[in-house]
Amino acid sequence: MKHLNKQRIILVPYPAQGHVGPMQKLASAFLSHGFEPVIVLPQYIHHQILLHVDYKDDEIKYVAVPDGLEEDTAPDFFAIESAMENNMPTHLEDMLHKLTEDGEVVCLVVDLLASWAIEVANRFGIPIAGFWPAMLATYRLISAIPDLVRSGLISDAGLAQHEGKICFVPEMPIVSTEDLPWLIGTVAARKARFKFWIRTLERSRTLKWLLVNSFPDESKLEQQTQLANMLLQGCPRVLPISPICRNQLTKNLSFWEEDLSCLKWLSNQKANSVVYISFGSWVSPIGEAKLKSLALALEDSGRPFIWVLRSTWRQGLPIGFLERVFKQGKGRVVSWAPQTEILQHESVGCYVTHCGWNSTLEALQFQKRLLCYPVAGDQFVNCAYIVQVWRVGLKLNGLGQKDVEEGLTRVMEDKEMGTRLMKLYDRIMGMQGDNKRGAFMLKAFVDDLQKASSTIHKHAT
């Protein structure tokens, strides 16, 4: 097309590591389709990334907008929410004025957790696509909130009305009413997070498309996806585009500096012997008591391990633990790890994980067995799929010595689990399976954009 090289797609991620990464992969995919992607980041995230990654020569553009947050602080969920609602919209408007003057903005792709940007784009009349960086199943759970309220499973404030197991959508695994994604923190915090999701749902009703960082047919979800695609009740057209997003080759926009020293140590370990432990970056992982318990369990197991543990989370470790582990050469404790390089290494035999969606996708990509300890948010739903549906991992009931050792033994010695991982990999990543279908879904979205752009040009002339 005549203007193809000048067609811009503006991408607005929620400012967290697990959201910016997938949006970056999506931007890379748009780049391969001839668009000029521009990722909008809050000032504090933009500054933090610049400390570790030099992307000035990257074809993807990164633009910072003022957020009003205090410098040198780590904002929590509610501080970020306040910045997105009260400070960033005006600055995004100013940016869009400039971008629309010297080029064509064909679409805003907005992370649903950054739904504030939907209202800004609507004021400009720019087509908007939602982006869900997590599993399709968790989107179905969030979109089912009105039904959960009507059925009495949760109150109008989002609190579970009774303890028990629920199957929130037919053909999906069972989860506890206490495992709903917004049930984090105090009662006041849970109610506030629920209001956040209600507002997100209201804003997303105007979306025409929803790009999901998930592979088609997670397990009999085809019917649910087709139902959403009928655009009933204002639902967007759901397009599961993974693993096409994940496969794009781009620089890793890490918020923290990766400790590469563990890779040399890893290369000296036996095949399938190392336990990799990471609880992600979103929330403090498990509390001091459980942290100490896990440390003792790992030390007593005698298995080599790499443990990702931020320095601010190490207060609960047993006295002398770090020194003993390093001196004996049995393990490495790092503040932030090159996770992709670790998971693809032949020495790694098991991944003890919080079941974050990006970590889950990477584990499936490199066929690593999972020992699951979900902490919050969507992690419980992801865990249900890992354990109940795909059967490529086991759930830890606790972090004591017996729990950890039995879990490690069972998961690392399960021969059938390796076969299931290989079959799941072939289905998700294989060119004849969902990998091809994910690319098809993304191409369908691009075609829609091109048609919409052509229609606008015809009307303008």
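Structure: see above.
Residues numbered from 1 in each chain as written. Predicted model: local features only at pLDDT ≥ 70, side-chain atom pairs only at ≥ 80, totals over all residues. Heavy atoms only, no water.

Student: Explain the pattern of salt bridges to me, using residue names and the numbers behind them.
Tutor: Side-chain pairs of opposite charge can arise whenever the charged atoms involved come near each other. Scanning the entire structure with this criterion turns up 15 salt bridges. For the salt bridge of Glu299 with Arg324, the shortest nitrogen-to-oxygen distance reads 2.6 Å. In this pair, Glu299 sits in helix 11 (residues 288–301) while Arg324 sits in helix 12 (residues 321–328), placing the two residues 25 residues apart along the sequence. One salt bridge connects Glu405 with Arg303, and the closest N-O pair in it is separated by 3.4 Å. With Glu405 in helix 16 (residues 401–413) and Arg303 in the loop between helix 11 and strand 11 (305–308), the pair connects residues that are 102 residues apart, well separated along the chain. For Glu405, a relative accessible area of 27% gives the class partly exposed. Counted as one network, the salt bridges with shared partners bring together Glu81, Glu85, Glu119, Arg199 and Arg203. (Salt bridge = Lys/Arg side-chain N within 4 Å of Asp/Glu carboxyl O. Helix = DSSP H or I, 4+ residues; strand = E, 2+ residues; numbered from the N terminus. Buried < 20%, exposed > 50% of the residue type's maximum accessible area, 1.4 Å probe, protein only.)

Student: Before we move on, could you go through unusual backbone geometry and cite the residues and values that matter?
Tutor: What you tend to see is this: most non-glycine residues have negative phi, and most peptide bonds are trans. Phi angles above zero are rare outside glycine, and Asn272 is one such case at about 60°. Turning to its location among the elements, Asn272 is positioned in the loop between helix 10 (261–267) and strand 10 (274–278). Phi is positive for Cys355, which is not a glycine, with a value near 75°. With respect to the element layout, Cys355 can be found in the loop between strand 13 (348–353) and helix 14 (357–365).

Student: Can you lay out the sheet that holds strand 14 (residues 369–372) for me, pointing to particular residues and giving the numbers?
Tutor: Spatially, the 6 strands line up as an open sheet ordered 12-11-10-13-14-15, and their pairing is parallel. Strands with a single pairing partner mark the edges of an open sheet, and in this sheet they are strand 12 (331–334) and strand 15 (393–395). Adjacent strand axes in the sheet meet at a mean angle of 15°, parallel and antiparallel pairs treated alike. Taken together, the 3 bridges between strand 14 and strand 15 define a ladder with parallel strand orientation. Each bridged residue has a counterpart across the sheet, and for Leu370 the counterpart in strand 15 is Gly393. Lying on the sheet, helix 11 is in contact with strand 10 and strand 11; it crosses strand 11 at an angle near 165°. Docked against the sheet, helix 17 (residues 415–429) engages strand 14 and strand 15, running at close to 110° with respect to strand 14. (Pairing = 2+ DSSP bridges. Axes fitted to C-alpha atoms, helices over the stretch in contact; angles between N-to-C directions. Contact = heavy atoms within 4.5 Å.)

Student: Please give an account of the side chain of Ser214 that cites residues and values.
Tutor: Assignment of secondary structure puts Ser214 in the loop between strand 8 (209–212) and helix 9 (222–229). Reaching out from Ser214, the side chain makes a polar contact with the backbone nitrogen of Leu136 at a distance of 3.3 Å. Here Ser214 is in contact with Ala134, Met135, Leu136, Pro240, Ile241, Ser242 and Trp357, once residues within four sequence places are set aside. (Polar contact = N/O pair within 3.5 Å; in protein donor to acceptor, adjacent residues only side chain to side chain.)

Student: Break down the packing of aromatic side chains for me, citing the residues and quoting the values.
Tutor: Counted under the stated rule, the structure contains 16 aromatic pairs. Look at Phe196 and Trp197: their rings are 5.6 Å apart centre to centre, the planes differ by 85°, and that puts the pair in the edge-to-face class. The exposure class assigned to Phe196 is buried, which follows from its relative accessible area of 2%. Under the relative-accessibility criterion, Trp197 is labelled buried at 10%. Ring geometry for Trp307 versus Phe321: centroids 6.2 Å apart, planes at 80°, classification edge-to-face. Of this pair, Trp307 sits in strand 11 while Phe321 sits in helix 12; the two residues are 14 residues apart in sequence, bridging distant segments of the chain. (Phe/Tyr/Trp six-rings, centres within 6.5 Å; stacked < 30°, edge-to-face > 60°.)

Student: Mind laying out the sheet that holds strand 1 (residues 7–12), listing which residues take part and the relevant values?
Tutor: Across a sheet, paired strands are connected by hydrogen bonds in the backbone, their directions being either parallel or antiparallel. With parallel pairing, 7 strands are arranged side by side in an open sheet as 3-2-1-4-5-8-9. Of all strands in the sheet, those with a lone pairing partner are strand 3 (61–65) and strand 9 (237–240), marking the two edges. On average, each strand axis in the sheet is inclined to that of its neighbour by 25°, with strand direction left out of account. Looking at chain direction, strand 4 (residues 104–111) and strand 5 (residues 128–132) are connected through 4 bridges and run parallel. Bridging across to strand 5, Asp111 finds its partner in Phe131. Those strands touched by helix 5 (residues 116–124) are strand 1, strand 4 and strand 5, and its axis lies near 160° from that of strand 4.

Student: Can you break down the packing of helix 14 against helix 17 residue by residue, with the values?
Tutor: The relative placement of two packed helices comes down to the angle between their axes together with the axis-to-axis distance. Taken N-terminus to C-terminus, the directions of helix 14 and helix 17 make an angle of 105°; their axes are 9 Å apart at the nearest point. Comparing their axes, helix 17 and helix 14 come out roughly perpendicular. Of helix 17, the residues touching helix 14 (which contributes Leu361, Leu364 and Gln365) are Leu421, Leu424, Tyr425, Ile428 and Met429. (Parallel < 35°, antiparallel > 145°, perpendicular 65-115°, else oblique.)

Student: Mind laying out helix 15 (residues 379–389), listing which residues take part and the relevant values?
Tutor: When you tally the buried positions in helix 15, you get 8 out of 11 residues, the bulk of the element. Listing the buried residues of helix 15 in full gives Gln379, Phe380, Val381, Asn382, Cys383, Ala384, Tyr385 and Ile386. In this fold, the buried residues of helix 15 make contact with helix 6 (136–143), strand 7 (175–176), helix 14, strand 14 and strand 15. Arg391, located one to two residues past helix 15, shows a positive phi value of around 55°.

Student: An account of helix 17 is requested, with residue identities and associated values reported.
Tutor: Helix length check: helix 17 (15 residues) gives 21 Å between terminal C-alpha atoms against 21 Å at 1.5 Å per residue, within 8%. Every buried residue of helix 17 is listed here: Met417, Arg420, Leu421, Leu424, Ile428 and Met429. With its buried residues spanning 135° around the axis, helix 17 presents them on a single face. Of the residues in helix 17, the exposed ones pointing more than 90 degrees away from the buried face are Lys415, Glu416 and Lys423. (Expected span 1.5 Å × (residues − 1). Arc of directions from axis to C-beta.)

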